[in-house]
Amino acid sequence: MKKFGLFLLVILLPGSPATAHIINIPADQPSVQAGIDVAGYGDTVLVAEGTYFENISFKGKAITVASHFIIDGDTSHISRTIINGSRPVNVDYAPTVQMTSGEDTTSVLSGLCITGGTGTVVRYDDIFHRCGGGVYIEQCGGKIEHNLIMHNHINYDRCTVTGGGIYARVGAEYNLVIRRNTIKENTVQSRRQADAAGVLVADAFRANIFVEYNRITSNRAISTKANHAHGGGMTLAVGLSSNSDFIVRRNVISYNELKINPELE
């Protein structure tokens, strides 16, 4: 059992809420999404150990969704507090966690096991993609830290698949932090292009992005076509004219795999 010393410093700034609330799941609300729905600016949705079969959305809120790890620093909470996205309402829209409504680094996902996601179908430049198994971030930002992101699988033959663990297409002038996560055993598989089984991050104009101290391991990108499997561990799409601060440092990226499997044909 590992513990980290955590210290909470609250500084009240002009325009900040005088009080922030803790919404306990399931004591105060029956599900993680129900907690998010009632949360206000600066609130914490604090999730007790257990498995929650949900596909959750932050809905643009500046809140923290976390396990009891953020209270006592006990890392055992992470693997025991599970959001499992394997039972979506719509199978074509099935990331386990999504941030798609203007979130920034005031929207925090921390100390959770994120699993069972199968991604969402999106259209870019008249081309369909299926993206973001575990965490799907689109044209915004967020803070993703101290999570276990594992066993998210995007298996879709009709289009390019990408971002098995995390897919983050950062919006212009947004901020993204992906820090101290374990991202493992996620897959992307297609008869077409399979890309970024672990993590994909794409920047935009003047974005601020930090990908650091993560362990990205044993992820697999599988395609039937030669030269169509890319980024077993991580893919970074960095625009040379974006003027972004894009920092990638001190990650352990190991035992990830690219595989061409003609038996899928």
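All residue numbers here refer to positions counted from 1 along the written sequence of the relevant chain. Thresholds applied to this predicted model are a pLDDT of at least 70 for local features of residues and 80 or more for the giving and counting of side-chain atom pairs; totals over whole chains, interfaces and linings are not thresholded and use all residues. Only heavy atoms go into the side-chain values, all of them from the structure, while hydrogens and water stay out.

Engineer: Any chance you could explain the sheet that holds strand β3 (residues 50–53) here in plain terms?
Structural biologist: Two pairing modes exist for strands in a sheet, parallel and antiparallel, and in both the strands are linked by backbone hydrogen bonds. At least two DSSP bridges between two strands are required for those strands to pair. Secondary structure elements follow DSSP: runs of H or I of four or more residues count as helices, runs of E of two or more count as strands, with numbering from the N terminus. With parallel pairing, seven strands are arranged side by side in an open sheet as β3-β6-β10-β15-β20-β25-β30. Looking at strand neighbours, the two that pair on one side only are β3 and β30 (252–254), the edges of this open sheet. Neighbour to neighbour, the strand axes of the sheet diverge by 10 degrees on average, direction disregarded. As paired strands, strand β10 (residues 113–115) and strand β15 (residues 148–150) are joined by two bridges and run parallel to one another. Bridged to Cys-113 within β15 is Leu-148. What counts as an axis is a line fitted to C-alpha atoms, over the stretch in contact for a helix, and the angles between N-to-C directions run from 0 to 180 degrees.

Engineer: Is there a simple way to explain the pairing of strand β11 (residues 119–124) in this structure?
Structural biologist: Walk down a regular strand and you will see the side chains alternate between the two sheet faces. Alignment of strand β7 (residues 93–94) against β11, held across two bridges, turns out to be antiparallel. Looking across to β11, one finds that Ala-94 is bridged to Gly-119.

Engineer: Where do I start with the pattern of salt bridges in this structure?
Structural biologist: Between side chains of opposite charge, a pair can form when the charged atoms approach closely. Whenever a carboxyl oxygen of Asp or Glu lies within 4 Å of a side-chain nitrogen of Lys or Arg, that contact is scored as a salt bridge. A complete count under the given rule lists seven salt bridges for this structure. For Glu-145, the salt bridge goes to Arg-179, with nearest N and O atoms at 3.9 Å. Remark: Arg-179 occurs in strand β19 (residues 175–179) and Glu-145 occurs in strand β14 (residues 142–145); sequence separation between them is 34 residues. Buried residues are those whose accessible area, probed at 1.4 Å on protein chains only, stays under 20% of the maximum for their type, while exposed residues exceed 50% and partly exposed ones sit between those limits. Given the relative accessible area of 16%, Glu-145 is considered buried. Given a relative accessible area of 23%, Arg-179 falls into the partly exposed group. Arg-191 is paired through a salt bridge with Asp-157; the nearest N and O atoms lie 3.1 Å apart.

Engineer: Honestly, the packing of aromatic side chains in this entry has me stumped. Any pointers?
Structural biologist: Each aromatic ring pair is characterised by the separation of its centres together with the angle its planes make. Pairs were defined over the aromatic rings of Phe, Tyr and Trp, the Trp ring being its six-membered one, requiring ring centres within 6.5 Å. Orientation was assigned from the angle between planes: stacked under 30 degrees, edge-to-face over 60, tilted for the rest. Applying the stated criterion to the full structure yields one aromatic pair. A ring pair is formed by Tyr-136 and Tyr-167, whose centres lie 5.6 Å apart and whose planes are at 25 degrees; its orientation type is stacked. Of this pair, Tyr-136 sits in strand β13 (residues 135–140) while Tyr-167 sits in strand β18 (residues 166–170), and the two are 31 residues apart along the sequence. Across the pair, Tyr-167 and Tyr-136 agree in class, each one buried. Should the NZ of a Lys or the CZ of an Arg lie within 6 Å of a ring centre and within 35 degrees of the ring normal, that charge is described as sitting over the ring. Above the ring of Phe-53, the side-chain terminus of Arg-87 is found at 3.7 Å from the ring centroid. When the ring centre of Tyr-213 is taken as origin, the NZ or CZ atom of Arg-180, which lies over that ring, is 4.3 Å away.

Engineer: It is not clear to me how the sheet that holds β11 should be interpreted in this structure. Could you clarify?
Structural biologist: On the basis of which strands lie adjacent, the open sheet formed by six strands has the order β7-β11-β12-β17-β22-β27 and mixed pairing. In this open sheet, the two strands that pair with only one neighbour each are β7 and β27 (229–230). For β11 and strand β12 (residues 127–131), the ladder comprises five bridges, and the chain directions are antiparallel. Considered in β12, the bridge of Tyr-124 is made with Ile-127.

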